[in-house]
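Listed here are the chains, written in short residue letters.
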Amino acid sequence: MPEKGSEEHTAAARIVSRLGRLPLALEIAAAYFKTWPDISFTGYDARLVNEGLINTIDENPEEFEVISEDQETNTRHKASVRATFLPSWEKLAEFPDAQKLLSCAAFLGPESIRPDLLAKAADLSMDAGSGRPSVYGAALQAAESASLLEKEGDSRVSCHRLVADFIRGSLGEDESITSLLSTSKSLASLVELESSELILALDEVAAEKPHLDAVLGFLDRAKLVQGWADLAFQLAKYHRLRAEYAEAEPLLKRSLEINEKIKGDDHPDVGSILNNLAELLRSQARYDEALPLFERSLEITERTLGPDHPDVGSGLNNLALLIETQGRYDEALPLFERSLEITERALGPGHPDVGTRLNNLAGLLRSQGRHYEALLLYERDLEITERALGPDHPDVGISLSNIAGLLKLQNRYDEALPLYERALEITERALGPGHPDVGSILNNLAGLLESLGRYDEALPLYKRDLEISEKTLGSEHPGVGISLNNLAALLGSQGRNDEALPLYERALEIFEKALGENHPDFLTVLRNYAIFCGEAGNPSRAAELRARLAEIEARGENKSEDQDPDSG
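Criteria and cut-off values
- Residues numbered from 1 in each chain as written.
- Predicted model: local features only at pLDDT ≥ 70, side-chain atom pairs only at ≥ 80, totals over all residues.
- Heavy atoms only, no water.
- pLDDT = per-residue confidence, 0-100.
- Helix = DSSP H or I, 4+ residues; strand = E, 2+ residues; numbered from the N terminus.
- Contact = heavy atoms within 4.5 Å.
- Expected span 1.5 Å × (residues − 1).
- Buried < 20%, exposed > 50% of the residue type's maximum accessible area, 1.4 Å probe, protein only.
- Phe/Tyr/Trp six-rings, centres within 6.5 Å; stacked < 30°, edge-to-face > 60°.
- Lys NZ or Arg CZ within 6 Å of the ring centre and 35° of its normal.
- Salt bridge = Lys/Arg side-chain N within 4 Å of Asp/Glu carboxyl O.
- Core = buried A, V, L, I, M, F, W, Y, C linked by side-chain atoms within 4.5 Å.
- Polar contact = N/O pair within 3.5 Å; in protein donor to acceptor, adjacent residues only side chain to side chain.

Some details on the confidence of the model for the protein chain
Averaged over all residues, the pLDDT of the protein chain equals 86, while 83% of them reach at least 70. Within the protein chain, the lowest mean pLDDT, 58, falls on helix H2 (residues 23-35), and the highest, 97, falls on helix H17 (residues 329-347). Overall, residues 558-563 carries pLDDT values under 50, and its contacts beyond four positions in sequence, including any with other chains, amount to 19 contacts.

Right, here's the structure in full:
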């Protein structure tokens, strides 16, 4: 610090006054003098005024009113930061890699980010030479020395939002677009994964989600519509895997609109987006909306990529799942079989997608009562999935749960129980305790415990499943109907009829609205409810329900069974 009373001391005091004693501005100014000590306070102060970097001149520091931290977006604060930022930014021209790093950081959210993602965005190597820092490390050190980037330990880096604002304002149009697109490409690498890989990276993506959202916003404002659509499509996959359907849907719909306008209605990318949107709608039981999208997607994909492309196999599989959900088993079967044939031929017999096709075909065979054939396919699916994805992947949990469900139907309870328990452990660890797949396994495990007479253990599992299903799927989803039916059955068996009755009524209403009265699950609940009413001392209601059941079955070939539906 210069001697008190000297010209340099007076200039330093004047700088503090002009910058309003604001911490960020003072920090950047201090870093400037530390990094470039040959710069005088007098020269710096003159530049603040002469070059118009700050308009308000306050000669008396004692008379300046300090602005509080929670007012840091105040115009005076912005002016102070701009005043201190520009000299530092211009000096960093001596370190172009540091400017490149900051140009990319300017398009992120205010939260910290993983260094490797920032280095990738700026195309700077993180490989250190012998005894020397990496290109990225040297650039970060320069930016950090100027207090324009801040390290948070060894694992995160952040850029203050006001600094980011001024960096973006300092970039030319071409430079701004280049930095934004490279940042978008780096972040997109987090979500540009197959679903079987992305589902394992959900927490990793969640940590960087503020930056993905920020980049989407900047792409939108810059009218880089194709870049927005590409990133939005990938981000929607993340939301769908987390059962965040409301967040995924607008991303997919706008991505579809953009791609149709730019690439044409018949482009394979349009077919892919249609397939993903239809799958999202199917997950929400919006079957009438999903069906035409699946059909259009399949038609585009088959015509543009050829009938043997694996994307055709995927489209056939998803369409078959929808048709199966509607109880149209005879129509779904050849689609599942063709999907398996295409996928196995295109990707090889050990690919995890082949396991998925086997699992889905097995589920249909189980619904048709072809249990032995289904078990063979389930076991082959488990072998492929465990070998390809590892023993702790959530797809392994699904495979185990499905095998356990089939063993339960065959009254092989002792074999089924450890499979359900392992499935629950894997799925909960991989996806978190509130995911709908966890709810499904809880429901199925509760059903097995109920069959074993362990009612006190089953009841909290049914209740937890219902809570998860309502929260993630919505109150009118068939999955909620399954949860209600099974919980009602257990309560009824315990004589808690007043609690069971409204659950049956609500389950029946959900299934009728979502699936129609000819669906096997609706008939199952109708039959279970009729039995309950008869045993609960309400013969008139029981007779009414049985009459309706007989009428529906007389009109078609569907036959209900006296059992609890699984959440498979």
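On we go.
A closer look at helix H18 (residues 352-367)
Along its 16 residues, H18 runs 23 Å from first to last C-alpha, staying within 8% of the 22 Å computed at 1.5 Å per residue. Counting buried residues along H18, 13 of its 16 residues qualify, which places the element largely inside the surrounding structure. Following H18 by one or two positions, Gly 369 adopts a phi angle in the positive range, close to 80°.

Overview of the packing of aromatic side chains
Throughout the structure, instances matching the rule amount to four aromatic pairs. Here the aromatic rings of Tyr 504 and Tyr 529 are separated by 5.3 Å at their centres, their planes lie at 20°, and the arrangement is stacked. You can see Tyr 504 sitting in helix H25 (residues 497-515) and its partner Tyr 529 sitting in helix H26 (residues 520-535), a full 25 residues away along the chain. The same class applies to Tyr 504 as to Tyr 529, namely buried. Their ring planes at 25° and their centres at 6.4 Å tell us that Tyr 529 and Phe 532 sit as a pair that is stacked. One end of the pair, Tyr 529, and the other, Phe 532, are both in helix H26, three residues apart, so they sit about a helical turn from each other. For the pair Tyr 529 and Phe 532, one class covers both residues: buried. For the cation-ring pair, Arg 254 lies above Trp 228, with the distance from its terminal atom to the ring centre recorded as 4.2 Å.

Quick word on unusual backbone geometry
A positive phi angle is found at Asp 123, which is not glycine, with a value near 55°. Mapped onto the fold, Asp 123 is located in the loop between helix H6 (115-122) and helix H7 (135-145). Assessed through its relative accessible area of 65%, Asp 123 is described here as exposed. We note that Ala 243 has phi near 60°; this positive angle belongs to a residue other than glycine.

Considerations on the pattern of salt bridges
Tallying each qualifying case throughout the model produces 37 salt bridges. One network of salt bridges, in which partners are shared, links Glu 512, Glu 517, Arg 548, Glu 551 and Arg 555.

Some words on the environment of Leu 431
Relative to the helices and strands, Leu 431 is located in helix H21 (residues 413-431). Spatially, the C-alpha atoms of Leu 431 and Leu 202 are 7.9 Å apart, while their sequence positions differ by 229 residues. The residues contacting Leu 431, other than those within four sequence positions of it, are Ile 199, Leu 202, Pro 394 and Asp 437.

A short note on the nonpolar core
By size, the foremost hydrophobic cluster in this structure holds 162 residues, and its most contacted members are Leu 101, Leu 118, Leu 149 and Ile 167. Broken down by element, this core gets its largest block of residues, nine residues, from helix H12 (residues 225-241). Residues within four places of Ile 167 in sequence aside, it is in contact with Phe 85, Trp 89, Leu 102, Ser 103, Ala 106 and Cys 159.

Remarks on the side chain of Asn 275
Within the secondary structure, Asn 275 is located in helix H14 (residues 268-283). Within the structure, the side chain of Asn 275 is placed 3.1 Å from the side chain of Asn 318, a separation counted as a polar contact. Setting aside anything within four residues of it in sequence, one finds Asn 275 in contact with Phe 294, Ser 297, Ser 314, Gly 315 and Asn 318.

Considering helix H5 (residues 96-105)
Most of H5 is tucked away: seven of the ten residues are buried. Within H5 the residues assigned to the buried category are Ala 98, Gln 99, Leu 101, Leu 102, Ser 103, Cys 104 and Ala 105.

Some words on the side chain of Asn 317
Tracing the sequence through the fold places Asn 317 in helix H16 (residues 310-325). Judged by relative accessible area, Asn 317 falls into the buried class, the value being 3%. Within the local environment of Asn 317, its side chain forms a polar contact with the side chain of Asn 318, the two groups lying 3.1 Å apart. For Asn 317, the contacting residues outside a window of four places in its chain are Phe 336, Ser 339, Arg 357 and Asn 360.

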